[in-house]
Amino acid sequence: MSAKPKASVPFKGKTLCLYLGEMSRQLRESGLLNIILWDSDRASGLGVTELESSPVTVKFQEQMTKLNSSEIVSLSLDDGRIYLQHWDGFRTEMDIRNMDIVSQKFTK
């Protein structure tokens, strides 16, 4: 992957990178969100279907039957959690230890 990430968050010898623009479009066409986890020379992504099918309930939008998977516009790390801010006002929280989805909420 030759595109330069818009943002990156290093943790535990790995780096979570956010891609926007053309690279985001290519990832989406491959069924992935626009974030990639780099571990040495290996890359892994979070699938759109994987996110949408998570059994987590969306806070403040409990009627939604699947999690929001719109483009991610920013990411941050705080207290063992990774926070992904989606372009349309949703925020996904992931556990840094295993990259499991902990919660998602509507923030607008």
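Structure: see above.
Please read these numbers as outputs of a predicted model, since none were measured by experiment.

Criteria and cut-off values
Each chain has its residues counted from 1, following the order in which its sequence is written. Since the coordinates come from a predicted model, pLDDT governs what is reported: local features require at least 70, and pairs of side-chain atoms require 80 or more to be given and counted, while whole-chain, interface and lining totals use all residues. The basis for every side-chain value is the complete set of non-hydrogen atoms in the structure, without hydrogens or water. Segments assigned H or I by DSSP are reported as helices when at least four residues long, segments assigned E as strands when at least two residues long, and all are numbered from the N terminus. Only protein chains enter the accessibility calculation, which uses a 1.4 Å probe. A residue is then buried if its area is under 20% of the maximum for its type, exposed if over 50%, and partly exposed in between. In protein, a polar contact means a hydrogen-donor-capable atom and an acceptor-capable atom, both N or O and within 3.5 Å, with residues adjacent in sequence counting only if both atoms are side-chain atoms; elsewhere, any N or O pair within 3.5 Å suffices. We call two residues in contact whenever any of their non-hydrogen atoms come within 4.5 Å of each other.

Visitor: Account for unusual backbone geometry, naming residues and giving values.
Guide: A positive phi angle, near 45 degrees, is found at Lys12, a position not held by glycine. One can find Lys12 in the loop between β1 (7–11) and β2 (14–18). Among the residues examined, Lys12 registers a relative accessible area of 62% and is labelled exposed. Positive phi, close to 60 degrees, is recorded for Ser40, a residue that is not glycine. Within the secondary structure, Ser40 sits in the loop between β3 (32–39) and β4 (42–47).

Visitor: Explain the side chain of Thr92 residue by residue, including any values.
Guide: Turning to its location among the elements, Thr92 is positioned in strand β8 (residues 90–95). A distance of 2.7 Å separates polar atoms of two side chains, one belonging to Thr92 and the other to His86. Excluding residues that lie within four positions of it along the chain, Thr92 makes contacts with Leu51, Ile82, Tyr83, Leu84, His86, Ile101, Ser103 and Gln104.

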